[in-house]
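Letter by letter, the chains look like this.
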Amino acid sequence: QVQLVESGGGLVQAGGSLRLSCSGSGLSVRNYNMGWFRQAPGKEREFVAVIRRNGGATIYADSVKGRFTASRDNAKNTVFLQMNSLEPEDAAVYSCAAGTQVLSAVRQGEMYHYWGQGTQVTLIS
C-alpha cells in the first residue's frame, strides 16, 4: 500500500523559513515525479514544485522560484521542500504527490497517482 506522509508545517513569521518533508512507503520516491502543491482557503489547488524521477531535475512555479527548493533523499525515501522568505500569500495546506507522467504534465495535479494528507503552513504577519 502506497502512503505519502507530509510533515514540517506550522506557524511562521513572514520572512521566515520552513522545511516540509514527504516520506514515502510502498514506493520509491526516486522512481516518481514528486510534486508539491498547495491550496489556500477559497482558492484552487496550485502547483508549487516538482523533483523529477530518476535524474532529480526540479521545476518551480514562478511565484516561489528563488525562494523554495525541492530536494530528495533516496536513502530516506523522502522529499523535501525548503521554503525561505515566506510571504503571507504562501499560507496554505501543502501536499506532496507522486506520479509517472511526462514532463509536460508535471504541473497538473490530476496526473499524479498518489497524494499525501497535507500539512498546514500558516503565516504570522
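Here we summarise the structure given alongside this text. (Residues numbered from 1 in each chain as written. Predicted model: local features only at pLDDT ≥ 70, side-chain atom pairs only at ≥ 80, totals over all residues. Heavy atoms only, no water.)

**Describing the packing of aromatic side chains**
The final tally for this structure, using the stated rule, is five aromatic pairs. Ring geometry for Phe 37 and Phe 47: centres 5.7 Å apart, planes at 75 degrees, overall edge-to-face. Note that Phe 37 is positioned in strand β4 (residues 33-39) and Phe 47 in strand β5 (residues 46-51), a separation of ten residues in sequence. For the pair formed by Phe 37 and Phe 47, the shared burial category is buried. Take Phe 37: its relative accessible area is 2%, and that puts it in the buried class. In this structure an aromatic cluster arises from ring pairing among Phe 37, Phe 47, Tyr 112 and Trp 115. Sitting over the ring of Phe 80, Arg 19 keeps its end group 4.1 Å from the ring centre. Seen from the ring of Phe 37, Arg 45 lies directly overhead, with NZ or CZ sitting 5.8 Å from the centre. (Phe/Tyr/Trp six-rings, centres within 6.5 Å; stacked < 30°, edge-to-face > 60°. Helix = DSSP H or I, 4+ residues; strand = E, 2+ residues; numbered from the N terminus. Buried < 20%, exposed > 50% of the residue type's maximum accessible area, 1.4 Å probe, protein only. Lys NZ or Arg CZ within 6 Å of the ring centre and 35° of its normal.)

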